[in-house]
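Analysis of the macromolecular model
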Amino acid sequence: METLVGTLNNLIWSKALIALCLGAGLYFSIRTRFMQVRGLREMIRLLFDGKESKAGVSSFQALAISLSGRVGTGNIAGVATAITFGGPGAIFWMWVVAFLGASTAYIEATLAQIYKEKDDNGQYRGGPAYYIEKATGQRWYAWLFALSTIVATGFLLPGVQANSIAISMTEAWGLAPTVTAALLVVGLGMIIFGGVHRIAHFTQLVVPFMALAYILVALVVLFLNIDQVPRVVGLVLGSAFGQEAAFGAVLGLAVEWGVKRGIYSNEAGQGTAPHAAAAAEVSHPAKQGFVQAFSVYVDTLLVCSATAFMILSTGMYNVMNQAGEAIVEALPGVEAGPGYTQAAVETILPGWGSGFIAVALLFFAFTTIIAYYYMAETNIAYINRKVQRPWMILALRIGILAAVTYGTVRSANLAWAMGDIGVGLMAWLNIIAILIIQRPALKALKDYERQRKAGTEPVFDPEALEIENARFWER
């Protein structure tokens, strides 16, 4: 099983996908005239714009749903695996992916808004499957993405989150994985049977609170290790460009693991966040594009950086070369994952640091699992638009509960490898799609900025912009 998964993982995450992710981010940054820099003030203003409706959620709730998908085990355990297999320099490439990926996030979120629709229950639905079909007419490709997303978010990715929760719970309190599995299944079942509004209300409460608490603890650790910060910055930059002799053996891997874990963490281009973006109640698609671009910054430049600086400033990490030999081994016997962050916080806040990280990871990863369910459900709704198959939703709910149960007890390496397959497959399909159908999102950006400059509240009119099949917006 591990051999098969490893072979598929290496095939999907080839250097071609690394180049595609970075290249697409740079291309969209140029095409949008670096909107991720120019539009930073607008991003923050729009966070609290728009209100919840019966059909959709507010901009902030959509941000919370997408952040619940972005801010998860990738921000804690994912950073640790990036450092282990790519060295400290991998963190720099995570930053690069976040900066460039913000423009990619704008494109995919705006497309999701342009081509969204209402389902039979009156709820907004949208995402890559919807904009692929409506913008290209290639229904087979849309179905391929939908089916891939259902498998990835419904069955492959939840196990990674559950696995990290189980590891952190065992590390902090010695809790058996079976007990963790039971608690997760009960809590998850109560929420996923409640629908998108229950998901939105839960995530808008939990995600901002835990992210703020986590960053505050990271700042305490950094303040008590303030003398180490210049050294850490130098270590990250030096390792990224081969200036640190100790990490020369993993120099090439720094880019690979930085990009891989950066995409896993912030999801820019992966095609997951557009599902939440489409659910927002806004007057112009570009609004949600700006908000989703900002969420990439929150995820990687704030939360991931907080984790990286805690681990590196305290020296609580291992680095392995491709042969599996230790280059740095400060934590012998500790598997790459939440244990690094727990050990880092324990050095500064002994007695409760490990427990705090376990709780933070519980909420981060749990809300990510909820977001995964919403994404899979949205793609089932896409498949069921013409023929009702209610059994698919029930199968998804049972499947994701089974995946969570299984994920708590299997090995971390297998869990991450299966998760990477899901992420990589979606990224391939979605990035190729948005490179082909980017023009409506670019038109929407230009139209939005023109209306803002004129001092009016932007309203979207697809017919005036010659955008076809945006039927929801047509008057």
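See the structure printed just above.
Small disclaimer: the values here were computed from a predicted structure and weren't measured.

Thresholds applied
Residues numbered from 1 in each chain as written. Predicted model: local features only at pLDDT ≥ 70, side-chain atom pairs only at ≥ 80, totals over all residues. Heavy atoms only, no water. Helix = DSSP H or I, 4+ residues; strand = E, 2+ residues; numbered from the N terminus. Buried < 20%, exposed > 50% of the residue type's maximum accessible area, 1.4 Å probe, protein only. Polar contact = N/O pair within 3.5 Å; in protein donor to acceptor, adjacent residues only side chain to side chain. Contact = heavy atoms within 4.5 Å. Pairing = 2+ DSSP bridges. Disulfide = S-S within 2.5 Å. Core = buried A, V, L, I, M, F, W, Y, C linked by side-chain atoms within 4.5 Å. Patch = residues over 30% accessible without salt bridge, like charges linked within 9 Å, V, L, I, M, F, W, Y side chains within 5 Å. Areas by Shrake-Rupley, 256 points an atom, 1.4 Å probe, with all protein chains shown as cover. Salt bridge = Lys/Arg side-chain N within 4 Å of Asp/Glu carboxyl O.

1. Here's the deal with the side chain of His-284
With respect to the secondary-structure elements, His-284 resides in the loop between α14 (273-278) and α15 (285-314). The buried category is assigned to His-284, whose relative accessible area is 0%. A distance of 3.2 Å separates a polar atom in the side chain of His-284 from the backbone nitrogen of Ala-286. What His-284 contacts, discounting residues up to four positions off in sequence, is Ala-444, Asp-447, Tyr-448, Gln-451, Pro-458, Val-459, Phe-460 and Trp-473.

2. Considerations on the pairing of strand β4 (residues 326-329)
As judged from the 3 bridges shared by strand β3 (residues 318-320) and β4, these two strands associate in the antiparallel manner. Note on β4: the bridge partner recorded for Val-319 is Val-328.

3. Brief notes about the state of the cysteines
Tallying each qualifying case throughout the model produces 0 disulfides. There is no disulfide at Cys-21, and the cysteine sulfur nearest it, in Cys-304, is 15 Å away. The class for Cys-21 is buried, based on a relative accessible area of 10%. On the accessibility criterion, Cys-304 (4% relative accessible area) is buried.

4. Some words on the nonpolar core
Nonpolar side chains in soluble globular proteins tend to end up buried together. Within the largest apolar cluster, 151 residues are counted, with the highest numbers of intra-cluster contacts made by Tyr-106, Leu-188, Tyr-214 and Tyr-317. In terms of residues, this core owes the most to one element, helix α17 (residues 353-383), which gives 19 residues. Residues contacting Leu-188, with those up to four places away along its chain left out, are Phe-366, Ile-369, Ile-370, Ile-400, Leu-401 and Val-404.

5. Topic: the environment of Leu-46
By the secondary structure assignment, Leu-46 is in helix α4 (residues 40-46). The class for Leu-46 is buried, based on a relative accessible area of 1%. For the pair formed by Leu-46 and Phe-60, sequence separation is 14 residues and the distance between their alpha carbons is 8.4 Å.

6. What to know about a nonpolar patch on the surface
A grouping of Leu-26, Ile-30, Phe-34, Val-37 and Phe-99 is seen on the molecular surface, where their side chains present a nonpolar patch of about 420 Å² in accessible area. For Ile-30, the location among the structural elements is in helix α2 (residues 15-31). Using a relative accessible area of 53% as the deciding quantity, one classes Ile-30 as exposed.

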